[in-house]
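Results of the structural survey
One-letter residues, chain by chain:
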Amino acid sequence: MAKTIKFTKMQGAGNDFMVIDGVTQPISLSADTIKKLANRQFGIGFDQLLLVESSAVADFKYRIFNADGSEVSQCGNGARCFVRFVVDQGLTHQREISVETASGIITPKLEAHGLVTVNMGAPRFKPDAIPFVAESAANSYVLEVNNQAHNIAAVSMGNPHAVLIVDDVETAPVQSLGAAIEYHPRFPERVNVGFMQIMNEHHIKLRVFERGSGETLACGTGACAAAVSGIQSGRLSSPVKVSARGGELSIAWQGTDTPVMMTGPAVTVFTGEIDLDAI
Ligand SMILES: N[C@@H](CCC[C@H](N)C(=O)O)C(=O)O
């Protein structure tokens, strides 16, 4: 295994990534090494690590690791950065690519105006698919947390999301309630927790406490989950502008069994090399 690896630091609406080309530099990273790399004081610092690999069924495969070292199956902001990365690195000449993830194939496309649009696939609401412990699918569930009842929507975008509607995202208890819901026993694989303030039927403000990474400046799948849960319950209409602390995303969804389209920025911040023995 190489000890010194090349990487690219990227961000999508402030959700930041270390991206490694595992095609030209095959690598295997332990959860402990990923945690050290994610550390913002002693490592490089990121919300997620993205590892590019070759695929037998799509143009590329990418693996996603949270800052706590856990491997997960979907990342919306990462998908946008991923297509920018493989185009900029000369790994493809196509502007639209198919990408194998642990939860299926997604198709990110570099638009002429510089933004990226991703077909994220259809959302799933059945409790087993999230996974979430409930008798049957519903637009809203009551979740008991520390003896308090909270109304949530639950949806899978290839990864699990709980969405709460709040009056004001700035004063919402994102850290404390987010951390408590992340480990709630009704979400056996933990969950990403979104706090959504509805501004009007086409605009929400959103903060997300991400599973395995804590609050991030934006969460692409969280934006999809919030928008589709709002559309599903009749509170929102497509397209939905999502204002996160780190930037804006646009989410379009035409309803049951149709794919969610997400558009937003993908930016390279810097490139570097790191000696894995030095961290
Ligand atoms: N930041 C991401 C989601 C990353 C994975 C998530 N924390 C999980 O554990 O499912 C996004 O932009 O979607």
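Residues numbered from 1 in each chain as written. Predicted model: local features only at pLDDT ≥ 70, side-chain atom pairs only at ≥ 80, totals over all residues. Heavy atoms only, no water.

Under an unreviewed UniProt entry, the name given to the protein is Diaminopimelate epimerase, and the organism recorded is Methylotenera oryzisoli. UniProt, in the comment section headed Subunit (unreviewed entry), describes the protein in these words: "Homodimer." Recorded in UniProt for the protein, the comment headed Subcellular location (unreviewed entry) runs: "Cytoplasm". (UniProt positions renumbered as here; feature names shortened; annotations may be inferred.)

1. Focus: the domain arrangement of the protein
Note: interface size is frequently given as the accessible area lost on complex formation between the parts. As far as domains go, the protein holds domain 1 (4-119 + 266-275) and domain 2 (127-258). One C-alpha centre belongs to domain 1, the other to domain 2; they are set 23 Å apart. The interface of domain 1 with domain 2 comprises 18 residues on the first partner and 17 residues on the second. Both sides together, the interface formed by domain 1 and domain 2 hides about 1100 Å², and carbon and sulfur atoms give 44% of it. Counting across the domain 1 and domain 2 interface gives 1 salt bridge. Across the pair Arg-190 and Asp-68 runs a salt bridge, and its minimum N-O distance is 3.1 Å. For the pair domain 1 and domain 2, the number of links is 12 residue pairs in polar contact (both at pLDDT 80 or more). Sorting elements by how many residues they give to the side of domain 1 that touches domain 2 places helix α2 (residues 76-88) first, with 3 residues. (Domains from an automatic or database assignment. Contact = heavy atoms within 4.5 Å. Buried area = accessible area lost by both parts, 1.4 Å probe. Salt bridge = Lys/Arg side-chain N within 4 Å of Asp/Glu carboxyl O. Polar contact = N/O pair within 3.5 Å; in protein donor to acceptor, adjacent residues only side chain to side chain. Helix = DSSP H or I, 4+ residues; strand = E, 2+ residues; numbered from the N terminus.)

2. A few points about the UniProt feature "active site" (unreviewed entry) in the protein
In the numbering adopted here, UniProt assigns the feature "active site" (unreviewed entry) to Cys-75 and Cys-219. These annotated residues cover 145 residues of sequence, and their C-alpha atoms all fall within 7.9 Å of one another, placing them together at a single site. On the accessibility criterion, Cys-75 (7% relative accessible area) is buried. With residues up to four places along the chain from it excluded, the contact list for Cys-75 reads Phe-17, Gln-48, Tyr-62, Ile-64 and Thr-221. For Cys-219, the location among the structural elements is in the loop between β14 (214-216) and α4 (220-232). In this structure Cys-219 touches Asn-15, Asn-77, His-161, Val-208, Glu-210 and Leu-249, once residues within four positions along its chain are discounted. (Buried < 20%, exposed > 50% of the residue type's maximum accessible area, 1.4 Å probe, protein only.)

3. Regarding unusual backbone geometry
Between Ile-130 and the following residue, Pro-131, the backbone shows a cis peptide bond with an omega angle of -10 degrees. Relative to the helices and strands, Pro-131 resides in the loop between β8 (116-119) and β9 (141-145). Pro-239 follows Ser-238 through a cis peptide bond whose omega is 0 degrees. Phi is positive for Ala-13, close to 55 degrees, though the residue is something other than glycine. With respect to the element layout, Ala-13 can be found in the loop between β1 (4-12) and β2 (15-21).

4. Details of the side chain of Glu-210
Along the polypeptide, Glu-210 turns up in strand β13 (residues 203-210). No salt bridge is formed by the buried Glu-210, whose closest oppositely charged neighbour, Arg-211, lies at an N-O distance of 7.9 Å. Sequence-distant contacts of Glu-210, defined by excluding residues within four places in its chain, comprise Asn-15, Gln-48, Glu-182, Asn-192, Glu-215, Thr-216, Ala-218 and Cys-219. (Lys, Arg positive; Asp, Glu negative; His and termini not counted.)

5. Describing the pairing of β1
Where β1 lies against strand β18 (residues 267-275), 8 bridges are found, and the strand directions are antiparallel. Across the sheet, the residue bridging to Thr-4 is Asp-275, located in β18. Where β1 lies against β2, 5 bridges are found, and the strand directions are antiparallel. Across the sheet, residue Lys-9 finds its bridge partner in β2, namely Met-18. In sequence, β1 turns back onto β2 through a hairpin of 2 residues, with Ala-13 there showing a positive phi of about 55 degrees. (Pairing = 2+ DSSP bridges.)

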